[in-house]
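The lines below spell out each chain.
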Amino acid sequence: MVTVAKLIDTTTCIGCKACEAACQEWQDQPFPVGTYDGTYQTFPDVRHDFWNLIKFNEIEHADGGLSWHMAKFQCMHCVDAGCITACPAPGAIFRRDNGTVDFDHDKCIGCGYCITACPFDVPRLNPITQKVYKCNLCSDRTAVGLEPACIKACPTNCLTFGARDDLVQIATDRARTLREDGKASAGVYNPAGVGGTNVIYVLEDAAHPEDYGLPNDPTVPWTVRVWQGPLKWLGNAALVGGILGTFFHYIRFGPRHADEESS
Amino acid sequence: MTSSVNRVERFAFSERAPHWMAALSFVYAALTGLALWTPHLFWLSDVFGGGSTIRRWHPWGGVVFAVVLGLMFRNWAREMKLDADDRQWLRKAHKYAVHDEEGLPEPGRFNAGQKMLFWVQMIATLLLFASGAVLWFPELMPRTLRLAAILIHPSVAVVSMGGIIVHIYMGTAAVPGAFRGMIQGWVRPAWARSHHPKWYRDITKS
Ligand code: HEM
Ligand code: SF4
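This text gives an overview of the structure that appears in the document. (Residues numbered from 1 in each chain as written. Chains lettered and ligands numbered in written order. Predicted model: local features only at pLDDT ≥ 70, side-chain atom pairs only at ≥ 80, totals over all residues. Heavy atoms only, no water.)

Looking only at helices and strands, one finds 8 helices and 10 strands in chain A. Expressed as lengths along the three principal axes of its C-alpha atoms, the size of chain A is roughly 95 × 40 × 40 Å. Here chain A holds 263 residues, and the buried ones make up 51% of them. Long-range pairs, those at least 24 residues apart, make up 57% of the contacts in chain A with a sequence separation of at least 6. Within the structure as shown, chain A displays about 12400 Å² of accessible surface, and the carbon and sulfur contribution to it stands at 55%. Of the side-chain charges in chain A, 22 are positive and 31 negative, and the distance between the mean point of each set is 5 Å. (Helix = DSSP H or I, 4+ residues; strand = E, 2+ residues; numbered from the N terminus. Buried < 20%, exposed > 50% of the residue type's maximum accessible area, 1.4 Å probe, protein only. Contact = heavy atoms within 4.5 Å. Areas by Shrake-Rupley, 256 points an atom, 1.4 Å probe, with all protein chains shown as cover. Lys, Arg positive; Asp, Glu negative; His and termini not counted. Charge placed at Lys NZ, Arg CZ, Asp CG, Glu CD.)

At the junction of the two partners, chain B supplies 41 residues and chain A supplies 46 residues. Interface area for chain B against chain A, summed over the two sides, is near 3800 Å², with a carbon-plus-sulfur share of 64%. Area buried by chain B at its contact with chain A is led by B:Trp37, B:Ile150 and B:Tyr169, which between them contribute 17% of it. Taken together, the links from chain B to chain A amount to 1 salt bridge. Its salt-bridge partner being B:Glu101, residue A:Arg256 comes within 2.4 Å of it at the nearest N-O pair. The tally of links between chain B and chain A comes to 18 residue pairs in polar contact (both at pLDDT 80 or more). Secondary-structure elements contributing two or more residues to the side of chain B that touches chain A are α1 (13-37), α3 (51-76), α5 (93-97), α7 (143-174) and α9 (189-195) of chain B. For the side of chain B that touches chain A, the element with the most residues is α7(B), which contributes 15 residues. Here the residues of the side of chain B that touches chain A sort into 25 nonpolar, 8 polar and 8 charged. (Buried area = accessible area lost by both parts, 1.4 Å probe. Salt bridge = Lys/Arg side-chain N within 4 Å of Asp/Glu carboxyl O. Polar contact = N/O pair within 3.5 Å; in protein donor to acceptor, adjacent residues only side chain to side chain. Nonpolar A, V, L, I, M, F, W, Y, C, P; charged D, E, K, R; others polar.)

What follows deals with the nonpolar core. Formed by 91 residues in total, the largest nonpolar core has its most connected members in A:Phe120, A:Leu159, A:Tyr201, A:Trp227 and B:Trp76. For this core, the leading source of residues is α7(B), giving 10 residues. Domain assignment of the residues forming this core places at least three in each of domain 1 (4-212) and domain 2 (222-262) of chain A. (Core = buried A, V, L, I, M, F, W, Y, C linked by side-chain atoms within 4.5 Å. Domains from an automatic or database assignment.)

What follows covers the pairing of strand β10 (residues 199-203) of chain A. Residue and element names in this part refer to chain A. Among the 5 residues that make up β10, 5 are buried, leaving the element largely enclosed by the rest of the structure. Residues Val 199, Tyr 201 and Leu 203 line one face of β10 and the alternating positions Ile 200 and Val 202 line the opposite face, and both faces are buried. Alignment of strand β1 (residues 4-9) against β10, held across 4 bridges, turns out to be parallel. Along β10, the bridge assignment pairs Asp 9 with Val 202. Bridging between strand β9 (residues 187-189) and β10 involves 3 bridges; their strand directions are antiparallel. Of the residues in β10, the one forming a bridge with Tyr 189 is Tyr 201. (Pairing = 2+ DSSP bridges.)

Once that is clear, we can look at the coordination of the iron atom of ligand 1. All names here are of chain B. Protein-derived coordination of the iron atom of ligand 1 comes from His 58 (NE2) and His 153 (NE2), at a distance range of 2.0 Å. In this structure, the iron atom of ligand 1 is surrounded by 6 donor atoms whose angles at the metal cover 84 to 179°, and the resulting shape is octahedral. You can see His 58 sitting in helix α3 and its partner His 153 sitting in helix α7, a full 95 residues away along the chain. (Donors = N, O, S within 2.8 Å, 3.2 Å for Na, K, Ca; no water. Tetrahedral: all angles 85-135°; square planar, octahedral: opposite > 155°, others 65-115°.)

In this structure the tally under the stated criterion is 16 salt bridges over all chains. Across the salt bridge formed by B:Asp86 and B:Lys115, the nearest N and O atoms sit 2.7 Å from each other. Here B:Asp86, found in helix α4 (residues 84-91), pairs with B:Lys115, found in helix α6 (residues 112-136); they are 29 residues apart in sequence, far enough to count as distant. Residues participating in the shared-partner salt-bridge network are A:Asp45, A:Asp121 and A:Arg124.

Residue and element names in this part refer to chain A. Together, Val 240, Leu 244, Phe 247, Phe 248, Tyr 250 and Ile 251 line one region of the surface with nonpolar side chains, adding up to about 600 Å² of accessible area. Structurally, Phe 248 is set in helix α8 (residues 230-253). In this structure Phe 248 comes out as partly exposed when scored by relative accessible area, which is 48%. (Patch = residues over 30% accessible without salt bridge, like charges linked within 9 Å, V, L, I, M, F, W, Y side chains within 5 Å.)

A separate point is the sheet that holds β10(A). All names here are of chain A. Taken in spatial order, the 4 strands of this open sheet run β8-β1-β10-β9, and their pairing is mixed. Edge strands, defined here as strands with exactly one partner in the open sheet, are β8 (159-163) and β9. Across this sheet, the average inter-strand angle for adjacent strands is 25°, counted without regard to direction. (Axes fitted to C-alpha atoms, helices over the stretch in contact; angles between N-to-C directions.)

The subject of this paragraph is the side chain of A:Gln29. Looking at the element boundaries, A:Gln29 is found in the loop between α1 (18-26) and β2 (53-60). Setting aside anything within four residues of it in sequence, one finds A:Gln29 in contact with A:Gln24, A:His48, A:Asp49, A:Phe50 and A:Trp51.

Here the focus is the pairing of β1(A). Residues and elements named next belong to chain A. In terms of burial, β1 is largely enclosed, as 6 of its 6 residues are buried. Side-chain alternation along β1 places Val 4, Lys 6 and Ile 8 on one buried face and Ala 5, Leu 7 and Asp 9 on a second face that is also buried. Two strands pair when backbone bridges link them, and β1 and β8 are joined in this way by 5 bridges, in the antiparallel orientation. Along β8, the bridge assignment pairs Lys 6 with Phe 161.

Turning to the site of ligand 1, a few remarks are in order. Neighbouring residues of ligand 1: 26 residues in total, closest A:Tyr113, A:Trp227, B:Arg55, B:His58 and B:His153. More than one chain reaches ligand 1: the nearby residues come from chains A and B. At a separation of 3.1 Å, an oxygen atom of ligand 1 approaches a polar side-chain atom of A:Tyr113. Side-chain polar atom of B:His58 to a nitrogen atom of ligand 1: 2.7 Å apart, as the coordinates give it. If one sorts the elements of the shell around ligand 1 by residue count, α3(B) sits on top with 7 residues. Grouping the constituent residues of the shell around ligand 1 by class yields 19 nonpolar, 5 polar and 2 charged. (Near = heavy atom within 4 Å.)

Written out as structure tokens, the structure reads:
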């Protein structure tokens, strides 16, 4: 099966929030009551019941100019996903054949390890159900050949859905066009530190992804790698070694009896 | 302290009760923790009511354990201080392990190995409690702390469980008579003289 992806061309996003509304609608999540901080951003952050957020950032330039960045934010469906590495409940977070990172909420135990391991700080715990939620790239839609709800709703074609390889090409071409048009630092955001993402951005200023609310060089944290890698082997060796060691000590040296006593 | 000619009181009820509360809560915390440690042991979660259930109750098992260790600290901290003899004993602990005890200083109520276990568990419990609290409420804790806790908590748990494996072995198979000391509270005089001579002399002096 081909790996699918979502392309977000921030240069054509007008910040209308149609994708936010479409996401709530399709996921059947009522529009939550939350904090409104007086900017063009719906909530301060993604929530367990709000997976798709247009981040608004006002950037002042050295020459006094001003940019308004609108950047859609959600799960990046990392190729090397920290959440999957961290998850202790078999099958609770899994990768679909099309590359999407999805949750099976019957299996999720709500430990929150994925929240810690995600380099993008995406998953969120629902305090009532004690399970974790995030964008699943509308896996129920893509399974039957439909595009995700956000893509369908976007009025400017800033969002594209399709085969990942095609979208990388489109993004690269688009960034080149922008550079030719004088946007010297335009580029593609598809961070290599997590093996690339299945959500790809075209940024007008690719040298400063943090200006769009995206981490500069995201990687799966080394403590997560050590914990789920070498530490498991060391720990298992120590525990099994301890059990076998005491057993063989017993059959080699036997108990230490008191001088005149046996029980 | 000698309750009859044939029996020496080893542990009072106020010592045995915290010990067994610690044992029960530790085994619960360890087994539910191990369920999350590796997918090969995730079946343990079914034994204790399912993944969501152990996620909810493991931390409480840990809290009970930590509180009870506080009681054990109050009971024993003073007696567990290592003296010069203990340090000497530790240097020759490998000889104790192979029943060649010549030249080993005579232990008091606790030998130096038991004392080390006590301090290792005290420090481990502090670390488990601190890192466990961080893992308990991921959305309230700064990410750097969580990334440290995710490494510290299982590492310390392994050290702690390793110590307890040896402890259980010593308390059951390796030292016959010790188990009754912690269950019923008394041991035979010969046992006391053999395993804890300095202590036996102290309590029989009067
Ligand atoms: C002292 C208080 C303790 C607290 C507050 C605590 C809390 C936690 C929390 C919140 C987790 C994450 C998953 C879950 O909630 O089940 C966890 C995991 C774990 N805990 Fe504890 N715990 C404590 C003590 C212990 C003890 C005494 C042991 C056993 C020696 C232990 C062993 C483990 C292990 C092995 C894991 C899994 C680590 C992994 O996934 O690699 N914990 N603990
Ligand atoms: S962005 Fe976070 S939640 Fe999404 S796949 Fe990557 S690690 Fe997992």
